[in-house]
Structure formats: structure tokens, C-alpha cells
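Descriptive analysis of the structure
Here is what each chain is made of, one letter per residue.
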Amino acid sequence: MLLRRSTLLGVVLAIAATPAGAAVPTDAAARAKVIGQPKALQVQPATILLNGPRSQQQLVVTATYADGAVRDLTAFAEFAVEGDAVAVNDERVALPKKNGAATVVVKAGGQTVKAAVNVKDLDKPSPVSFRNDVIAALNVGGCNSGACHGTPSGKNGFKLSLRGYDPPADYLQLTRDVLGRRTDRQGAASLLILKALGRVPHEGSVRFPASSVPAQAIIAWFKEGLQDDAPPVVKKVEVLPGGRTLNDPARWQQLSVSATFSNGAIRDVTRLTVFSSSDPAIASVDANGFVEFNQSGEVAILCRYLEELVPVRLMYLEPKPGFQWSNPPEHNYIDTHAFAKLKLLNILPSELCTDQEFIRRAYMDVCGVLPSAEETRTFLESKDPQKRAKLVDELLERPEYADLWTLKWADVFRSTRKTIQLKGTHVFQKWLRSHIDQNTPLNAVIHEVITAGGSTFANPPANYYRIAKEPTALAETTAQLFFGIRMQCAKCHNHPFERWTQDDYYSFAAFFARVKLRKDPVEPTTPQKKDGAEYVYVDRAGEVTQPRTSQQMQPKFMGGPIAKVAPGKDRREALAAWMTSAENPFVPRSVVNRIWYHLMGKGIVDPVDDFRDSNPSANDELLDALAKDFVAKGFDAKHLIRTIMNSRTYQLSAMTNDFNKDDNKYFSHAVTKLHSAETLFDALCHVTEVPEKFAGHALGTRAVQLPDGEVNHPFLKTFGQPARELACECERESDSNLAQALQLINGPSVNDRLRNPNNRIGKLLAAKKTDTEILEELFLVSLSRQPTWDEAKAMLDHVARSMEKRKAWEDVHWALINSKEFLFRH
């Protein structure tokens, strides 16, 4: 039976390496092609001050062309020096030779530019700073990274603070631990440097060359007596030349990093900066800040000196033979921004999806249900040019809309009987669904959640404080759920990939320090009644202490000032007012990105709850426009959904073309994605007309309507129903696997429904429908379309040849249910 069913499945119509980057060319012809004929040259910095014997300056050379394009020619230009006070090495770094003035002369493509250099204090001592130089050198070597000695327990008996966030502790480890055997005032004989240079066995292998700035800084520190210091602190880090767009054939960009200190000094710290690429497949960056693009695209290069992190957005474009922009019509501002990005990247959007694809996509995305056969017929036969927009309006008013979007939000709110009791899940679901059904502005819903108090049964949003109880857990949940920021790393150390520090973490947690719970006296827990409520209240006292500094933290808005809270007032009121204001820099962008993700299959920032500089958005202008419109329309979720679905971008086909087949980031075609566990199971029940009886729920309750996932249904769990333990969309698994295939091929959820005598097939046969009518009905209800001629012929022939007509129709329906068209969103 499986063999013949697989044959039928093959009849149903259903539905891809990154080129290696090229090294900097060395032959004259290739170099001349990159240089071209520039209109002007610029060298940065234009004036250079080298102060002291350890000073240096990374140079950056930019050429401007007649068409306005820019190219980095740092690696291609010719350098000369007028005077003997300075030299320029092969890495285009200016080095001091003697006190005095000099001029660096740069030539390329017939153009010349000069940079004035002044060298001073070369004869004065310039001691190495442990905190500004040695810690930075260890950062560059990765010695204090999470994969090495920066782990909480260290590695092989040697522990450093993660990325140098605790210099005093690192100083003690380096100079006092195990009798100071890791460091030696003779410098090159120190175990620390011997291992870093690979001169003795080291599990971490070679960390940097002996001639490198990090190695020389560490050796000099040894020889200067292993001194700790209290140096000027970093006030600002600047990266030259900043963000820019490069065009073929110039796929390279040199970066130069300078730090401004509290004493006013400015110095080049390029060789003491850690560089990383947000997408190494698109562009890589070496330890010297030299970026090389491997393919057309956009990346953020993260430049981290000590605790300062500066992102630089770079884009590289290359022509595609035969590419011609198709000038697709724009339905609204979403298309304006999405298509502008695609045109810039030479990506051609797909054609508009068919009506059959649209009705199925719209029903499942908005309501989580499939259209009936009659609804599909009516829509496909309609000639109304506004029928898609009208369908969206109709779907947003259906009760299934509130059911589906309640499920989506309840997932990340982590509503489950394991934490808030069974009754808690029911009252929370009812409260949340009511707001979604009434289209309550989402900022009002958020305000109600953040300020909630009282009985967790009588006031359902108070369950937010039952799910996460500690101030730190509440800070993490709130930041991830509403800001799209993962703060967990900053609990133990400054965030390695973001600007958030331990102080930021604990000062944000301080908003929740006085939130307490006690047993609800009205609905207490008893031996006979274990589902007791709790009572959320605000105490008069309660503070959060930063564990590393033992400092008591004041409540402070993330990225903003300390909150002004009058004595005796609830700190959460100030937090909620800030979070729900039109000027909040996080909430509107996070919410629109989450809703976009649920409709488009991928976030503009993806993952949706991971906003950070090292994870840039696919389209800044689009995200900003959505957030601005969302705020202007009063945080109206239905307006946002309607706007997205009416855009041509949403309505693009999943079928790709030669120019967008490799795009999985910029929304040039619809995302093909497995339906969620609940919507897929509900679809299965719908097409077979065999409802499920979930334990404790009435027959016909849809999976989408369940208050949590603790019914432990095998089909739902196999297809990734989340346990609601994390405030993260990532908990819902969407990748297909073998267990899912087995469920579909011979699992009881599918096969018992196909064999049920009172199912859709049984009713159609009992109604004496013709084979053609039955086939059309099964296609319309399962795939929202009519069968093609080939499909109809193969399947009707199969039914005609079969000795058992009923089983033959079960085979046909099994094939439709197992098709990609049924299982996946297109």
C-alpha cells in the first residue's frame, strides 16, 4: 500500500554555496583594473600625530570615481615618505622613526594625496598599560574568550575574566596564581607568551605572531615589571572609513580604529581591536581589520576594543549578467523599501503568487485554518480586482484570527500549567484572546502586563510574575519578549557581542526588585485544591546588588537614564510608561519584527528576539518605516497585519528566478516553511472531517485553542509544539525530521482518520458523488486548487483500477496530505 501511495504522492505537484573570495591580486593588470581611473583620492586620517615610541597609525586610502562610487585602494596604492621622521610598512601602517615632521605621499590611478605627520616624544618612555594594552592583547588572541580561559571555570587551571571585563582579577591570575609561574620579567621566557606563540605545547595553538602588536605589548609589559595601572579610560572608539557600499571589482576594505581617552589622547588601536563579521560567508575580516567580500551582500563588521563595540555596515555589489530590474508595481511603502533594497543588490523579485497560493497562505497565516472548498471556489472564480484586500479584511474579523494570535503570544509569554496552574492557563488565555479579539492597542496590553498585580486568577496578566519570579529572570524575559534583546550574557559579565554591561543588566532588574508573591487568601492552595492562585504585590523595600562590584543598583532604562520614581511608588509604572511610549527605541521595532516574522516566515531581524549590532537587520529602512507606521496608528496590530498582507512583497510567489534563487534574507520570494504543529494538525482534522478529542476538552476543540501544550499529544510534540519554557520563538521547532515522516506515512493521526467510515471520503461516497466530483473536492479542501490534467488522470485511473474503491480514495487523500503543498507554507 505504501508503494502505491508513494506513487500517487509523486503525482502531486510540489516544490538551494558561496563562491570563494578572491585574494588581493598581485599581477599588474588585475591591480590596474581594481584601481581604474579615480577622480580623486583621500587618505585617512588626513593629519597624523605619532606620540611616543609605541605609537602607530593604520592608513586608509579611498578613491572616488566619476559615477560617485568609492573603492578602498589601501592595498593597491603606492606609498612614499617625504622626510625621515616616519616610515610606512607593507600593511600601510605609519611608524615613527624620529621626532619631527614628515609627509606621506599616496599615489594611485594618476591621482596623488598627501597626509601630514608629526612625530614627538619618541625619546620619552611609553610604558605598556596592563588595562588598556595587555587586556586588549589577550582579547585579540582569544585567550579570554568563552571557548578558552574565559570560561567560568577557566581551562587547565588557568582562568581569565571573559573578554577582560574584570582586569583586577586577571592581574592577580597572571602575576600571583601558581606562584606567578605564568609570567616572567624576562619577557620572552614567560610561559604565557611561550604558549601564545606556540613555542611550547598549547591546546589553543598559536594565538598571534611574535612580531605582532599584541605579542610585543605583552612582552614589553613583562620587561617593565608586570605593573598594574589606573590609565585613562576609553571615552569613544571611532572606525574609519565608517559604513559604505563597495562595487565590483573592489571587494576589499581596510578599517582603521582609533580610541579617545579621558585625558584627551587619541591613539590608533587597530592592532589591539577584535574584528568579527556578522556573516563570514559574505565577508571575512582578518586580525588587522582587512575585510574581504566573498560574494555580493551586506555585513556588519564588529570592532571591539576593550569594552567598546562599534559596528560598521559594509555592502558589496557586483553585476549579474542579464540582470534587468523589472519595475514591479508597489502596493504600499513596504514594497518601496523592500524593492529598493533588492534593486540595489541586483536581486529580482519573484512574480506575484497565484490566487490559489494567496488564499491558502492568507487563511493559514491569519487564522491558522484552511479555506473550505466553497470558499476556495468563490475566491478563485471572483473577478473583483480588490478580492485579495477584501479577503484580508474578512479574515481579520474571524474568531479564528484571535485563536491563532493568542497561541502565538501565549507561546512566548510561556503560559503553561507547569508554572501558573491549569486554571491560570485558562484565565490567561481568555484574557489575552479578549484583547486580541478586540484589537486592543498592543502598548496598552504591554502596560497592563508590566504593572499587573493582585490575584493571578482574578487578574490574569499578573501570571507574568508567576512565570518569572526573580528580578533578574523578569529583566531577561522583559528584554527578550518586548525589546528583542537577549540580556542573559550580561548577568555574569559584560555582553560579548553587544553594548550591554553587567551594570545595565542589574539596573534594569532593579525595576522588579520589589515585586513579591504570596498565596492568594481568596483562592488558596489546599490538599483538595492544588490549583491555588498567588497574589502579586509591591513591597516597600527590595534592591538589586551588582555581584561583582557589590553596588546597589538604581532602576535604569536600557540605553537611557536612571528612572525618576517617587518614594513609595511602584517602579514598574515608570518602566511601563517608558516601554509603551511612542518614543521607545525598542518595543515598536521588536513587535513589528515579530509580527512580520509570523507573516513572512522570517524576521527582518532574525532571530526575532536577537536585536544586536552583530546581527543587523536585512532592511533598516523597512523596519523603521513599519515601526513608525505602527506607532502612528496607535500600536494597532490588525492595521500592521493588513498593511503587510496587502503589500506585493507578502504576495510574491515562492517560485524563484535566476537572480533570487540564492536569496534567503531580503524577501525577494515567499518563504517555504513547514506549518506549525497546531495548524497542521487542525488542517488534518479539517480535510478529513474527523475532529480530535483532547483530554479535558470538548470534541472539536482545535489544537490552536488549547491553553497550553501539556495535553502531550504525540502528533503535536513530534511537529515541534513548544514546552513554553523559554521566552523565545526558537523553542518552536520548524525543521522536518524522520519522526515527522513516520507520523505522516503510517502514524495513527493520519491513517485512523483516513479509515474512519464517517470521514469526508465516507460522506462523499454516501452522497453518491462522481469520482471527478470527489477528486475536485479533495483537492480544493486539501490544496485549495483544482487538480491538473495529469494529476486527475493518474488518480482517477488508480481509483478505476482498484478492487476496493474506498481504499483507493484513502490512497488519494493520503497522497494529498503527504504532499509538500499540504505540509508547507508557500
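The structure contained in this document is the topic of the report that follows. Quantities reported herein were computed from a predicted structural model and do not represent experimental measurements.

Each helix and strand counted, the protein chain has 29 helices and 27 strands in total. Its C-alpha radius of gyration of 32 Å places the protein chain within 12% of the 28 Å reference for a compact globule of 826 residues. The buried share among the 826 residues of the protein chain stands at 56%. For the protein chain, the distance from the average position of its 101 positive side-chain charges to the average position of its 96 negative side-chain charges is 3 Å.

A few words now on the sheet that holds strand β23 (residues 534-538). Spatially, the three strands line up as an open sheet ordered β21-β23-β22, and their pairing is antiparallel. Of all strands in the sheet, those with a lone pairing partner are β21 (454-455) and β22 (515-519), marking the two edges. In terms of strand pairing, β22 meets β23 through five bridges, oriented antiparallel. Each residue of the ladder has a partner; that of L517, found in β23, is V536.

This paragraph deals with the sheet that holds strand β8 (residues 93-96). Read from one edge of the open sheet, three strands run β3-β8-β7, paired in antiparallel fashion. The open sheet has two edge strands with one neighbour each: β3 (57-58) and β7 (86-88). Looking at chain direction, β3 and β8 are connected through two bridges and run antiparallel. Bridging from a neighbouring strand, Q57 pairs with A94 of β8.

Turning next to helix α18 (residues 587-600). Its 14 residues place the ends of α18 20 Å apart at the C-alpha level, agreeing with the 20 Å of an ideal helix rising 1.5 Å per residue. Within α18, 13 of the 14 residues are buried, which leaves the element mostly enclosed by the surrounding structure. Of the residues trailing α18, G601 is marked for its positive phi of about 85°.

At a minimum axis separation of 5 Å, helix α23 (residues 738-746) and helix α24 (residues 748-755) run at an interaxial angle of 10°. Looking at the two axes, α23 sits roughly parallel to α24. Between α23, through Q743, L744, I745 and N746, and α24, the contact on the second element is made entirely by P748, S749, V750 and N751. For the contact of α23 with α24, a count of residues per class yields four nonpolar, four polar and no charged.

A cis amide bond, omega 15°, links D248 with the succeeding residue P249. Residue position: P249 is located in the loop between β12 (244-247) and β13 (252-254). Cis rather than trans, the peptide bond between D606 and P607 has omega equal to 5°. Following the sequence through the fold, P607 ends up in the loop between α18 and α19 (620-632). In the Ramachandran plot, R92 falls in the positive-phi region, its phi being about 65° despite a non-glycine side chain. As for its placement among the helices and strands, R92 is situated in the loop between β7 and β8. Overall, the relative accessible area of 17% leaves R92 in the buried class. Backbone geometry at R724 places phi at a positive 60°, although glycine is not the residue there. Here R724 lies in the loop between α22 (714-718) and α23.

Burial runs high along strand β19 (residues 297-305): nine of the nine residues are buried. In the sheet, strand β16 (residues 274-277) pairs with β19 via four bridges, with the strands oriented antiparallel. For F275, the partnering residue across the bridge sits in β19 and is C303. Both β19 and strand β20 (residues 308-317) contribute to a ladder of nine bridges, which runs antiparallel. The partner of V299 across the bridge, within β20, is L314. Between β19 and β20, which pair antiparallel and follow one another directly, the connecting turn spans two residues, one of which, L306, has a positive phi of 55°.

Conventions used here
- Residues numbered from 1 in each chain as written.
- Predicted model: local features only at pLDDT ≥ 70, side-chain atom pairs only at ≥ 80, totals over all residues.
- Heavy atoms only, no water.
- Helix = DSSP H or I, 4+ residues; strand = E, 2+ residues; numbered from the N terminus.
- Rg over C-alpha atoms; globule rule 2.2 N^0.38 Å.
- Buried < 20%, exposed > 50% of the residue type's maximum accessible area, 1.4 Å probe, protein only.
- Lys, Arg positive; Asp, Glu negative; His and termini not counted.
- Charge placed at Lys NZ, Arg CZ, Asp CG, Glu CD.
- Pairing = 2+ DSSP bridges.
- Expected span 1.5 Å × (residues − 1).
- Axes fitted to C-alpha atoms, helices over the stretch in contact; angles between N-to-C directions.
- Parallel < 35°, antiparallel > 145°, perpendicular 65-115°, else oblique.
- Contact = heavy atoms within 4.5 Å.
- Nonpolar A, V, L, I, M, F, W, Y, C, P; charged D, E, K, R; others polar.

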